[in-house]
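# Examining the three-dimensional arrangement
Listed below, chain by chain, are the residues.
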Amino acid sequence: MDVVINSDCSFSPDPKSLLNGYSNYHLNIFKCLDYPDEQIPLASLLSSHHSLHGQWLVVTPIFWQASHNNAVILACDAKLNLLEEEARELFDKFSIFAKESGMQAYFHDRYTWLLECDGKPSTQSIPPHRLLHQPIFPHLKNMDSTLYWQRFITEIQMLFIDQKKVNGVWLWGNGDLHNP
C-alpha cells in the first residue's frame, strides 16, 4: 500500500521515498485536475483568494547553481529552511525592486509570493519543484520570446547576490483557472 503524506512526518514507516517535484500541495491538486505543468493556475487561485485584481505570476524563491554550460535549481520551498523573518526581509527587498519596475508584489507565505504583471509579456513556465536538479536553460529560453522575464530573473539574482539561502526566484503559475 502506498501512503502519500503532504508533510514532513517523524513517524513515517521505512522505507519512505519522496516524489521529486511533488512536494507542493497545490501542484498535486492541479495535476489531479489534469492541468499541464506549463499552465498551472496557482497565481489565479491565490490572487482570487486574496482579492487581488489583474494578472499575476507566482514567485518562488530558489537556490540555484550555475556551471560553465548550464544552471540547475537546487532548492525551493521547505528545502530553503527560511525563517519567517528571513522570508519577509527577502520579500521586502523583492517588493521594492518590483515596484521600481512598475509591478506590485504580494506575500502569500514564505515560499510563495505573487507578482502583478499587467501589461507585461505573457510567460509559460513550469513550477520550479519540477525542475529541481535538472538543466534550466531550455526552460529559460521558452519562458518568453521578448526575454523580458529572463532579464527580470537575472536582475533579481543580482539583487540577492549577498544572500546565503536564496539567490534567485522562479516565475510561474499563470495558467487560466477553469470553472468547476
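Everything that follows concerns the structure shown earlier in this document.
Residues numbered from 1 in each chain as written. Predicted model: local features only at pLDDT ≥ 70, side-chain atom pairs only at ≥ 80, totals over all residues. Heavy atoms only, no water.

A tally of helices and strands in the protein yields five helices and five strands. Reading the protein from its N end, one meets helices and strands in the order α-α-β-β-α-β-β-α-α-β. Counting every position in the protein, which comprises 180 residues, the buried fraction comes to 42%. Residue pairs in contact within the protein that sit at least 24 positions apart in sequence constitute 68% of those at least 6 positions apart. With the model as given, the accessible surface of the protein reaches about 10700 Å², and the carbon-plus-sulfur share is 53%. (Helix = DSSP H or I, 4+ residues; strand = E, 2+ residues; numbered from the N terminus. Buried < 20%, exposed > 50% of the residue type's maximum accessible area, 1.4 Å probe, protein only. Contact = heavy atoms within 4.5 Å. Areas by Shrake-Rupley, 256 points an atom, 1.4 Å probe, with all protein chains shown as cover.)

Close approach of charged atoms allows side chains with opposite charge to pair. Enumeration over the complete set of coordinates arrives at five salt bridges. Lys31 is the salt-bridge partner of Asp37, the closest N and O atoms lying 3.6 Å from each other. Relative accessible area serves as the criterion here: at 32%, Lys31 is assigned to the partly exposed category. Here Lys165 and Glu86 are joined by a salt bridge, their closest N and O atoms 3.0 Å apart. Linking Lys165 in the loop between helix H5 (148-159) and strand E5 (168-172) with Glu86 in helix H3 (residues 84-100), this pair joins segments that are 79 residues apart in sequence. With relative accessibility at 33%, the residue Lys165 sits in the partly exposed group. (Salt bridge = Lys/Arg side-chain N within 4 Å of Asp/Glu carboxyl O.)

Attention now moves to the pairing of strand E3 (residues 105-109). In this structure, E3 lies alongside strand E4 (residues 112-116), joined through four bridges in antiparallel fashion. When the bridges of E4 are listed, Tyr106 appears paired with Leu114. Joining the antiparallel neighbours E3 and E4 is a turn of two residues. (Pairing = 2+ DSSP bridges.)

The next point concerns the packing of aromatic side chains. Taken as a whole and assessed by the stated rule, the structure comprises eight aromatic pairs. Seen in terms of ring centroids, Phe30 and Tyr35 are 5.3 Å apart; in terms of plane orientation they differ by 85°. Their pairing is edge-to-face. With a relative accessible area of 5%, Phe30 lands in the buried category. On the basis of an interplanar angle of 40° and a centroid distance of 5.4 Å, the ring pair of Phe94 and Trp113 is categorised as tilted. Residue Phe94 is located in helix H3, and its partner Trp113 is located in strand E4; the two are separated by 19 residues in the primary sequence. Classification of Phe94 by relative accessible area gives buried; the value is 0%. Here a set of aromatic residues connected by ring pairs shows up, and it is made of Phe91, Phe94, Phe97, Phe107, Trp113, Tyr148, Trp149 and Phe152. (Phe/Tyr/Trp six-rings, centres within 6.5 Å; stacked < 30°, edge-to-face > 60°.)

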